[in-house]
Amino acid sequence: MKTAVRVLACCVALACAVPGLATEVSEQAKALHERLLVLDTHLDTPANLPRPGWNVLDDHTAERDFSQVDLPRMREGGLDGGFWAIYTGQGDRSPEANLAARDHGLVRLAAIREMVAANPQQFELALTADDAQRIAAAGKRVVYISMENATPLATDPSLLTAYYRLGLRMLGITHLRNNEFGDSANTPPEWNGLSPAGKALVAEANRLGIVLDASHASDLVFDDLLELSRAPIVLSHSGADAIYEHPRNIDDERLRKLAAKGGVIQVNAYGGYLKDTSTTPERSKALEALEEKYGDQEHMDAATVARFLAERDAIDARYPPVRADFDDFLKHLLHIIEVAGPEHVGIGADWDGGGGVDGMEDITDLPRITQALLDAGYSEQQIAGIWGGNVLRVLRETERVAASLDGGAKKDVPAHAH
Ligand SMILES: [Zn+2]
């Protein structure tokens, strides 16, 4: 849900830091953070690229712009890059909706590539696991491309080959509703896991060398992916049921199975999945009305943003929100590391998609995570894994599996579905 309400959930958190919350980051932690390759596996920043007048090279603030990622803040927060998502909202699956999703996916893919093409000194498209370190060492930001919700492929799953050739390296099956490929975590089951088309998509992703992502999918889809995929899988932005039971989070038994198969879970910082942030029906109604009025952030210019924020502040004043904070995020992170092991965990905070908590309002606060991991006793090597090494290991293994399955065919784009 990249709509205004979801943005609201984060903006509310962005607007004020909690006094007294520890924000100290030691020189040692800062130096380590700078030295490490720091990647996030779920950047929804591409949703901001079409905003009129918005430029990723400019410095923005979370509270005045409700964006959380741009180049100056990537430098300040030591974020080397990550997976930039092609997010598409789930339509009603009519032929018209599926065609609109197809077009939306291609346009968003083009926008990510255009960001890189327009700023070749600042960004570089990463296509292999080895690319990340090389690009970061050259002083540029790492741009892997991922897809959140496979609905752009519903009209023609063979488009996946074209997406691969244009840079796609991670694929999430569903979003907030079921689709042709499988069931969402948020809606009653339709397929009881992956659909036949979803199973075919898994085989195709394995053949091409695209990492499969179970975030937003139902537990049964997770189970199917784990069983069917020849390569390890990821949860690109998820949390732990043991800390807060929610359909978007995962139980400990599945965490252990994920790790046993070499996969990783990238921990989410979306407040509503970290703890119960539900408030009064009046507040929900007011937020829904605001969403209705403003729609997606991608259409908002600066003046509209200002009006939107003023109305949102008025709602907050009238119906005070419940917010998650950095400690809520840490509870999930530390629990997940404990259960899955530090080699199977990373960070996918859902920046620009609703992520961010009090005390970590945008990416400039990322060194706090490094500090917290040091405080918890994790080694530099383990922290390096969490910040990027672990997910790159999955990508590398996915590349190896693809090479073993079908080395040459991926270079061809089929003229028709197969
Ligand atoms: Zn998401």
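A short tour of the structure in this document, coming up.

For Ser-146, the location among the structural elements is in strand S4 (residues 141-148). Discounting residues that sit within four places of it in the chain, Ser-146 has contacts with Phe-83, Trp-84, Ala-85, Ile-86, Leu-168 and Met-170.

Our focus in this paragraph is empty space enclosed by the protein. Counted by the stated rule, this structure contains two cavities of 30 Å³ or more. Roughly 80 Å³ of internal volume is contained in the largest cavity. Lining the largest cavity are 14 residues, with Ala-214, Ala-217, Asp-219, Leu-235 and Asn-249 positioned closest to its centre. Of all the secondary-structure elements, those providing two or more residues to the lining of the largest cavity are helix H9 (219-228), strand S7 (234-240) and strand S8 (249-250). Estimated volume of the second largest cavity: approximately 50 Å³. Lining the second largest cavity are 14 residues, with His-42, Met-147, Glu-148, Asp-213 and Ser-236 positioned closest to its centre. Looking at the lining of the second largest cavity, the elements with two or more residues in it are strand S1 (39-43), S4, strand S5 (168-172) and S7.

Between the first and last C-alpha of helix H8 (residues 196-208) there are 19 Å, a value that for 13 residues agrees with the 18 Å anticipated at 1.5 Å per step. Of the positions making up H8, those classed as buried are Gly-198, Leu-201, Val-202, Glu-204, Ala-205, Asn-206, Arg-207 and Leu-208. Looking at the buried positions of H8, the neighbouring elements they touch are helix H7 (159-165), S5, strand S6 (211-213), H9 and helix H16 (380-405). Between the side-chain oxygen of the N-cap and the backbone nitrogen of Ala-197 there are 3.2 Å, and the N-cap of H8 in question is Ser-195. Count one or two residues on from H8 and you reach Gly-209, which has phi positive near 100°.

Moving on to the packing of aromatic side chains. Per the counting criterion, the structure on display carries six aromatic pairs. Ring centres of Phe-66 and Phe-308 lie 5.3 Å apart, and the angle between their planes is 65°; this geometry places the pair in the edge-to-face category. Highlighted residues: Phe-66 in the loop between helix H3 (62-65) and helix H4 (71-77) and Phe-308 in helix H13 (residues 302-318), separated in sequence by 242 residues. Considered together, Phe-66 and Phe-308 belong to a single accessibility category, that of buried residues. Judged by centre distance (5.3 Å) and plane angle (70°), the ring pair of Tyr-294 and Phe-308 falls under edge-to-face. Placement of the pair is Tyr-294 in helix H12 (residues 281-294) and Phe-308 in helix H13, with a sequence separation of 14 residues. Using a relative accessible area of 13% as the deciding quantity, one classes Tyr-294 as buried. With relative accessibility at 0%, the residue Phe-308 sits in the buried group. Through a chain of ring-to-ring contacts, the aromatic side chains of Phe-66, Tyr-294 and Phe-308 assemble into a single cluster. Positioned over the ring face of Phe-326 is Arg-368, at 4.1 Å from the centre of the ring.

This next bit is on the environment of Ala-200. If you trace the backbone, Ala-200 turns up in helix H8. As a C-alpha pair, Ala-200 and Asp-365 span 165 residues in sequence and 41 Å in three-dimensional space.

This part takes up the coordination of the zinc ion. Only Glu-148 (OE), His-216 (NE2) and His-237 (NE2) from the protein reach the zinc ion as donors, at distances of 2.1 to 2.2 Å. Judged by relative accessible area, Glu-148 falls into the buried class, the value being 4%. Relative accessible area serves as the criterion here: at 1%, His-237 is assigned to the buried category.

So, about unusual backbone geometry. At Asn-192, a residue that is not glycine, the phi angle is positive and equals roughly 55°. By the element assignment, Asn-192 lies in the loop between S5 and H8. In this structure, Asp-352 is a non-glycine residue whose phi angle is positive, near 65°. For Asp-352, the position within the fold is in the loop between strand S10 (345-347) and helix H15 (367-375). On the basis of relative accessible area, Asp-352 is assigned to the buried category, the value being 2%.

In terms of nonpolar packing, the biggest core is built from 85 residues, with Leu-153, Phe-329, Leu-333 and Ile-369 touching the most fellow members. Broken down by element, the residue count for this core peaks at eight residues, all from helix H14 (residues 326-340). Residues within four places of Phe-329 in sequence aside, it is in contact with Val-267, Asn-268, Ala-269, Leu-274, Ile-347, Met-360 and Ile-369. Leu-37, Leu-39, Met-170 and Val-234 belong to the second largest nonpolar core, which has 18 residues in total.

Attention shifts here to the pairing of S7. Here is the key point about a regular strand: its side chains alternate between the two faces of the sheet. Among the seven residues in S7, seven count as buried, and that is most of the element. Two strands pair when backbone bridges link them, and S7 and strand S9 (residues 264-267) are joined in this way by three bridges, in the parallel orientation. Bridge assignment links Leu-235 to a residue of S9, and that residue is Ile-265. Note that S7 and S8 share two bridges and pair parallel. In the strand pairing of S8, Ala-240 is matched with Ile-250.

Analysis parameters
Residues numbered from 1 in each chain as written. Predicted model: local features only at pLDDT ≥ 70, side-chain atom pairs only at ≥ 80, totals over all residues. Heavy atoms only, no water. Helix = DSSP H or I, 4+ residues; strand = E, 2+ residues; numbered from the N terminus. Contact = heavy atoms within 4.5 Å. 1 Å grid on protein atoms, 1.4 Å probe; cavity = no way out; pocket = protein on both sides within 12 Å on 5 of 7 lines; lining within 4 Å. Points joined across faces, edges and corners; volume = space filled by probe spheres on them. Expected span 1.5 Å × (residues − 1). Buried < 20%, exposed > 50% of the residue type's maximum accessible area, 1.4 Å probe, protein only. Polar contact = N/O pair within 3.5 Å; in protein donor to acceptor, adjacent residues only side chain to side chain. Phe/Tyr/Trp six-rings, centres within 6.5 Å; stacked < 30°, edge-to-face > 60°. Lys NZ or Arg CZ within 6 Å of the ring centre and 35° of its normal. Donors = N, O, S within 2.8 Å, 3.2 Å for Na, K, Ca; no water. Core = buried A, V, L, I, M, F, W, Y, C linked by side-chain atoms within 4.5 Å. Pairing = 2+ DSSP bridges.

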